[in-house]
Amino acid sequence: AVVSTQSTGIRNHDSKEHGPMFLTVSYMNPHSPLDPLEEDIDRVPDSVDNTIREKFSALMVGMDMGVRQLTEALKARDMYDNTIIIFTGDNGGAVQGKDQSKSLGGTNSPLRGAKWTIWEGGVKVPAFVRGPGIVPGVVSDELFHISDWLPTIAGMVGAEVKQNLDGFDQSGILTGTANNTDRKDLVLELDPAYQQAAYIKDNFKLILGDPAPKPYNGIYAPLEGDEVRYPDLDDPDSFANFNKDLKEKLTAYITKSDTDKSFDFRDLPEAIGPFEHSSIKLYDLDNDPSETDDLFTKSERFKARAKDMYDHLAVQSQELADLIFYIGDNQDKTSSVKTLTIPGGLTDWTGTEMGKWTPWLRDDTESK
């Protein structure tokens, strides 16, 4: 229904009257629950012999049909050849449900991990761009972060960006006017509550803490035949232990933030762990994209590189916290700090209130 509505919007768009068009379509497919249309299941090739993968694939077919509606609408309005189309994702595939009874059909093989992790399988996604001026058939392995889309799109359409942005304009990679990007590093995660951080610089990736806040540390190939789950995720207590550990970490963090006035969550060694005592991993993504060979303890050379990356991440921790929790540029930071409080305290933060998705459109009673 969403796609049909957007297709109608394209067909009704008048560039002379409305100017250029910007459209974002966020598909639910192939998110759980795996409940595809029968007609889409019929379109899945017979080579997909696993029931769960068949449902997952059918959801992908449904999304593909939606993209077809959009492209046909663009062509009907003679807009297709003058439209830049970007297709991308927000995280890696989910491989198994929390009830341990079935898989969710995703696979990120040969990358390690899954959705909910900071392994490459959780944070690296495929993408493609097509449109006027875009060189077809080019595959880039340059670093690209979601914050790069705004300046990159602006660069492709010739718009001037006056703000000082964190993202880089990578339009040159897409148009063939540049071979390399200015982006040489990116912060993947920096979370003192979960005591977890990850940072990529050049071809090296540093991980602090537990990279998988769920038991997804393996490499999960597509399910075949009668498989319904992965053996290393078959421990019925794994998710219960995860939820218990997560709650304990979150409770300890909030309690410490509320009671220990000397606690500085902006300080990486204090919030996540000092370099000497942290759980640290270092991978060479060029030669080890599956993250199976931890280099941190192999030589002093790698340990020194990890220390340099850790120190940079410590600076980023301060800057990020200042950006989020402080107001203004010239105010006294000790007096302008924003304190995060939970109404009623942690005891009232019930499961029904945590992680709940709410509609962004107002209902009829609110809109009247």
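Computed from a predicted structure; not experimentally measured.

**Things to note about helix α4 (residues 51-76)**
Here's step 1: The end-to-end C-alpha distance of α4, which contains 26 residues, comes to 37 Å, matching closely the 38 Å that a straight helix rising 1.5 Å per residue would cover.
Here's step 2: In this structure N50 caps α4, since a side-chain oxygen of it lies 3.0 Å from the backbone nitrogen of I52.
Here's step 3: Backbone geometry just after α4 places D78 at a positive phi near 55°.

**A closer look at the confidence of the model for the chain**
Here's step 1: Looking at the chain, pLDDT values average 82 and 81% of them are 70 or higher.
Here's step 2: Scored below 50 in pLDDT, residues 326-343 shows 17 contacts in the model against residues more than four places distant or in partner chains.
Here's step 3: Here residues 345-368 scores under 50 on pLDDT; set against residues more than four positions off or in separate chains, the count is 10 contacts.

**A word on the pattern of salt bridges**
Here's step 1: Following the criterion strictly, the structure yields 7 salt bridges and no others.
Here's step 2: One salt bridge connects K298 with D293, and the closest N-O pair in it is separated by 2.7 Å.
Here's step 3: Here the salt bridges share partners, and the residues they tie into one network are E120, K205 and E291.

**Observations concerning the packing of aromatic side chains**
Here's step 1: Applying the stated criterion to the full structure yields 8 aromatic pairs.
Here's step 2: For the pair Y216 and Y220, a centre-to-centre distance of 6.5 Å together with 90° between the ring planes defines the contact as edge-to-face.
Here's step 3: Looking at Y216, the relative accessible area reads 0%, which means it is buried.
Here's step 4: What makes Y220 buried here is its relative accessible area of 3%.
Here's step 5: Pairing F275 with Y310 gives two aromatic rings, centres 5.4 Å apart and planes at 65°, and the pair type is edge-to-face.

**Regarding the environment of V135**
Here's step 1: Looking at where V135 falls in the secondary structure, it is placed in the loop between β2 (128-130) and α6 (149-157).
Here's step 2: Sequence separation between V135 and G176 is 41 residues, and the spatial gap between their C-alpha atoms is 6.1 Å.
Here's step 3: In this structure V135 touches L174, T175 and G176, once residues within four positions along its chain are discounted.

Rules used throughout
- Residues numbered from 1 in each chain as written.
- Predicted model: local features only at pLDDT ≥ 70, side-chain atom pairs only at ≥ 80, totals over all residues.
- Heavy atoms only, no water.
- Helix = DSSP H or I, 4+ residues; strand = E, 2+ residues; numbered from the N terminus.
- Expected span 1.5 Å × (residues − 1).
- Polar contact = N/O pair within 3.5 Å; in protein donor to acceptor, adjacent residues only side chain to side chain.
- pLDDT = per-residue confidence, 0-100.
- Contact = heavy atoms within 4.5 Å.
- Salt bridge = Lys/Arg side-chain N within 4 Å of Asp/Glu carboxyl O.
- Phe/Tyr/Trp six-rings, centres within 6.5 Å; stacked < 30°, edge-to-face > 60°.
- Buried < 20%, exposed > 50% of the residue type's maximum accessible area, 1.4 Å probe, protein only.

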